[in-house]
Amino acid sequence: MNWLKNLVRPKLRELVGRQKGTAGNLWRDCPECEGMIFHSDLEKDHWVCRFCGHHMRLEAGKRLVMLFDEDAYQTVELDAVPTDPLKFRDRRKYTERMKEAQNRTGETDALIVAHGKMGGFNVVIAALDFSFMGGSMGVAVGQGLLTAARLAVVQDASLIVVPSSGGARMQEGILSLMQMARTTIAVEEVREAGLPYIVVLADPTTGGVTASFAMLGDIAIAEPGAIIGFAGARVIEQTIREKLPEGFQRAEYLLDHGMIDMVVHRHELRDTLIRVIGLLRNTVPAADVASIPAAAETPAANPAPSEDHPAEDRPTE
Amino acid sequence: MHNFLDFEKPVAELEGKIEELRRLPDSGDPKIAEELSKLQGKAEKLLRQTYSKLTAWQKTQVARHPDRPHTLDYIGALIEDFTPLAGDRAFSEDHAIISGLGRFRGSSVVVIGHEKGTDTKTRIHHNFGMAKPEGYRKARRLMKLADRFKLPVITLVDTPGAYPGVEAEARGQAEAIARSVETCLGLKVPLVSVIIGEGGSGGAIALAAANTVLMLEHSIYSVISPEGCASILWRDSNNAAEAAAEALKLTSADLEELGVIDEVIPEPLGGAHHCPAETIAAVGDAIEQALKELSSLDGGALKVRRREKYLELGQKIPS
Ligand SMILES: [Zn+2]
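Residues numbered from 1 in each chain as written. Chains lettered and ligands numbered in written order. Predicted model: local features only at pLDDT ≥ 70, side-chain atom pairs only at ≥ 80, totals over all residues.

### Observations concerning the overall build of chain A
In plain terms, the rule: Helical segments are the DSSP runs of H or I of at least four residues, strand segments are the runs of E of at least two, and each set is numbered from the N terminus. Here the C-beta atoms are placed from the backbone, and a residue counts as buried if at least 20 other C-beta atoms lie within 10 Å of its own, exposed if 12 or fewer do, and partly exposed otherwise. Two residues qualify as a contact pair if the distance between their C-beta atoms, derived from the backbone, is within 7 Å.
From N to C terminus, chain A includes 10 helices and nine strands. Here chain A, with 317 residues, has 50% of them falling under the buried criterion. Considering only intrachain contacts with a sequence separation of at least 6, the fraction spanning at least 24 residues in chain A is 72%.

### A few points about the overall build of chain B
Rules: Note that the radius of gyration is over C-alpha atoms, with the globule rule given as 2.2 Å times the number of residues to the power 0.38.
Counting its secondary structure elements, chain B contains 14 helices and eight strands. In terms of overall size, chain B behaves like a compact globule, its C-alpha atoms giving a radius of gyration of 21 Å where 319 residues would be expected to give roughly 20 Å. Principal-axis analysis of the C-alpha atoms places the extent of chain B at approximately 65 × 50 × 45 Å. Residues classed as buried in chain B amount to 49% of the 319 residues present.

### A word on the sheet that holds strand β8 (residues 219-222) of chain A
All names here are of chain A. We apply this condition: Strand pairing requires that DSSP identify at least two bridges connecting the strands. Each axis is a line fitted through C-alpha atoms, taken for helices only over the stretch in contact, and angles between the N-to-C directions span 0 to 180 degrees.
If you trace the seven strands from one edge of the open sheet to the other, you get β3-β4-β5-β6-β7-β8-β9, paired in mixed fashion. Sheet topology places β3 (73-75) and β9 (262-263) at the edges, where each strand pairs with a single neighbour. Pairing geometry for β3 and strand β4 (residues 111-118), over three bridges, is antiparallel. Across the sheet, T75 pairs through a bridge with A114, a residue of β4. In the packing of helix α3 (residues 60-67) onto the sheet, the strands contacted are β3, β4, β5 (121-128) and β6 (158-162), and the crossing angle to β5 comes to about 160 degrees.

### With respect to the confidence of the model for chain A
Residues and elements named next belong to chain A. Counted only if it meets this: Residue-level confidence of the predictor is what pLDDT reports, using numbers from 0 through 100.
Taken residue by residue, chain A gives an average pLDDT of 87. The fraction at 70 or more is 83%. Confidence drops under pLDDT 50 across residues 1-23; counting only partners more than four residues distant or on other chains, this segment forms 13 contacts. A low-confidence stretch, residues 302-317 stays under pLDDT 50, and its non-local contacts, those more than four residues away or across chains, total 61 contacts.

### Points about the nonpolar core
Residue and element names in this part refer to chain A. Rules: Joining buried Ala, Val, Leu, Ile, Met, Phe, Trp, Tyr and Cys residues through C-beta atoms within 7 Å gives a set, and that set is a nonpolar core.
Core analysis: the largest hydrophobic core is formed by 168 residues, its most contacted members being L159 and L201. Ranked by residues supplied to this core, first place goes to helix α6 (residues 173-192) with 10 residues. Every residue in contact with L201, bar those within four places of it in the chain, is listed here: P163, A214, A220, I221, A222, E223, A226, I228, A251 and I260. Membership of the second largest hydrophobic core comes to six residues, among which are C33, M36, V48 and C49.

### Some remarks on unusual backbone geometry
Cis peptide bonds are those with omega within 30 degrees of zero, and the linkage from D203 of chain A to P204 of chain A qualifies with -20 degrees. Position of P204 of chain A among the secondary structure elements: in the loop between β7 (197-201) and α7 (207-210). Its identity as a non-glycine residue notwithstanding, M133 of chain A has a phi of 45 degrees, on the positive side. With respect to the helices, strands and loops of the structure, M133 of chain A is situated in the loop between β5 and α5 (139-154). Positive phi, normally seen in glycine, also occurs at D81 of chain B, with a value near 50 degrees. For D81 of chain B, the location among the structural elements is in strand β1 (residues 79-84).

### Regarding the interface of chain B and chain A
How big an interface is tends to be reported as the loss of accessible area on association of its parts. The cut-off we apply is this: Following the grouping adopted for this structure description, the nonpolar residues are Ala, Val, Leu, Ile, Met, Phe, Trp, Tyr, Cys and Pro, the charged ones are Asp, Glu, Lys and Arg, and the polar ones are all others, Gly among them.
Listed as interface residues are 42 residues of chain B and, on the opposing side, 46 residues of chain A. Secondary structure elements with two or more residues in the side of chain B that touches chain A: α7 (166-170), α8 (173-186), α9 (201-205), β7 (220-222), α10 (226-234), α11 (241-248), α12 (252-258) and α14 (299-312) of chain B. The element best represented in the side of chain B that touches chain A is α8 of chain B, accounting for eight residues. Here the residues of the side of chain B that touches chain A are counted per class, giving 28 nonpolar, nine polar and five charged.

### Focus: helix α4 (residues 94-105) of chain A
This is how it is decided: For a helix, the expected span equals 1.5 Å multiplied by the residue count minus one.
For α4 of chain A, with 12 residues, the first-to-last C-alpha span of 16 Å sits near the 16 Å given by 1.5 Å per residue. Directly beyond the C-terminal end of α4 of chain A, a positive phi value near 75 degrees is found at G106 of chain A.

### A few points about the domain arrangement of chain B
Filter applied, for reference: Annotation comment: domain bounds sourced from an automatic or database domain assignment.
Domains assigned within chain B are domain 1 (6-53) and domain 2 (60-312). Distance between the C-alpha centres of domain 1 of chain B and domain 2 of chain B: 36 Å.

### Observations concerning the pairing of β5 of chain A
Successive residues of a regular strand alternate their side chains across the two faces of the sheet. All names here are of chain A. Counting buried residues along β5, seven of its eight residues qualify, which places the element largely inside the surrounding structure. Of the pairings in the sheet, the one linking β4 to β5 comprises eight bridges and is antiparallel in character. Across the sheet, I112 pairs through a bridge with A127, a residue of β5. What sits between the antiparallel neighbours β4 and β5 is a turn of two residues, in which G119 has the positive phi angle 60 degrees. Here five bridges tie β5 to β6, and the two strands are oriented parallel to one another. In the strand pairing of β6, V124 is matched with L159.

### Points about the environment of D45 of chain A
All names here are of chain A. Mapped onto the elements, D45 comes out in the loop between α2 (39-44) and α3. For D45, a count of 22 C-beta atoms within 10 Å puts it in the buried group. C-alpha separation for the pair D45 and Y253, spaced 208 residues apart in sequence, amounts to 25 Å.

### Focus on the packing of α10 of chain B against α11 of chain B
When two helices pack together, their arrangement is given by the angle between the helix axes and by the axis-to-axis distance. Residues and elements named next belong to chain B. Convention followed: For classification, angles of less than 35 degrees are called roughly parallel, those exceeding 145 degrees roughly antiparallel, those between 65 and 115 degrees roughly perpendicular, and all remaining angles oblique.
Close contact between α10 and α11 brings their axes to 8 Å; oriented N to C, the two are set at 105 degrees. When the axes of α10 and α11 are compared, the pair comes out roughly perpendicular. Where α10 approaches α11, its residues P226, E227, C229, A230, L233 and W234 are matched on the opposing element by A241, A243, A244, A245 and L248. For the contact of α10 with α11, a count of residues per class yields 10 nonpolar, no polar and one charged.

### Section: the environment of T183 of chain A
Residue and element names in this part refer to chain A. Relative to the helices and strands, T183 resides in helix α6. Overall, the presence of 31 C-beta atoms within 10 Å leaves T183 in the buried class. A C-alpha to C-alpha distance of 9.3 Å links T183 and A214, two positions 31 residues apart in sequence. In contact with T183, other than residues within four places in its own chain, are G142, L145, S212 and F213.

And the structure:
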């Protein structure tokens, strides 16, 4: 990729005349290989780099479009919960941070829940959006997961959860910690109904989210290169005062250590989920379900997501 | 008292003077006796004043006080025939969590608790109360044992948090905690937890998703340490810890108001470390009372009630 980086890109830059990172940019740099990708291609490839296979973070809304059968789903309006239960204020008010995240994303909180068909099967998908305060889990997220679980039970649907979260939401203090118990109850309700509970671990999944519903899947799938762990790498480094091993806390590392069932390329995720649900429920998917077209070129993913999330949104252990 | 916290210094100075007077050869002298009782009165008054208005940050220090009674002290005083049971049957024994069978006020129970240690040697042995996956897996194994033999479970929570280390991550720290919480919630026997010192985050709730959660007056229970919160949200772990402790609402009074804990156990004047025996006895009485209240419920009801409690939590916030 160096020839492209060194020779072509500066020229293209001049030609396009736009700065990296601005809205409406036609191009995007892969944070891994720095290859330049047309924005439209990136959308087509579901934010997987077509040069190196790096899986960039995918917005929760786009995740739903990618996973459900075409036009076969509805998002669920989630219960309102008490906002700012602790009247929390650090250098800024929590309510201000919330409003900002809401305005930026157009969502009320970090979790999106939708129900519909996938391969003809009834599924409920709950996806965390990392761009909303680091996908952190407070009362709203806990309540949303309970809603998702109950919807799955009522609809005889499989529950698929896609976490992408820094962990608990500090600004809700102990109540965010309590969501570890509440989301575990949500999982239990699905399990007791005899329905599949499948987790798709997306980058990053850490802290109290990992230590609750994210690690309780009947089937645990991870996206290539995703950071998955309990304690943050920096905290561990400070504790042991030595360099972390290569690939530490990456999806592939967890696979090697027996913590997850499989690492699945994003382009194969939908088909894999449909197959697994069909097998678990001993039934076959609808015949007319087309699998999503794979990208032109999908080399092995390079495990190294970017460190671009703001530290203030980074929640806790 | 051997260790004084910063804000206890004025009391410590008075107690030093009292000690000096006592050691005088003519301490029987009525003048000295009078001075002694005056000083004692003053010291007690000062201690009462100090402890009646502890800030959240000061409580954090009291909760972490090295002389505060720890899990092994409670087991020693409250549990007869204590029979430690070791190991997770998969990888290792974890000394950060003490667990075993015993008799509490006449009935068999399973006891599980974090142990921080009392001096350098034991602190290292118990890894400062920071458990690894094998610790939570051992806890889970013992809870299931309790379930099978219909024995109540008592957990004692006192941990800065789960151990953040490479090996712990490799062996699935997150999964171990998640399964431990899940096991707590699935039990068909009474589960009573006491936050005896520091309730640090996921490592604490791993043992504390209980029917009844009791908390000592000056204990803390939080999603993150004040220092950790300060370094992330204030970008300053040294000077903002006090503000963070306040903002996190981690004191027993705050948590009772939020409905996270069921009962506050008052501590003796000057904190648990001032009078460990009295504290331990009060905790014992509170556990006995909690178990008595749960004894009329059958297994199914115990599980359902526990779930309902967590489902309702945080839905209504006191204004
Ligand atoms: Zn790339």
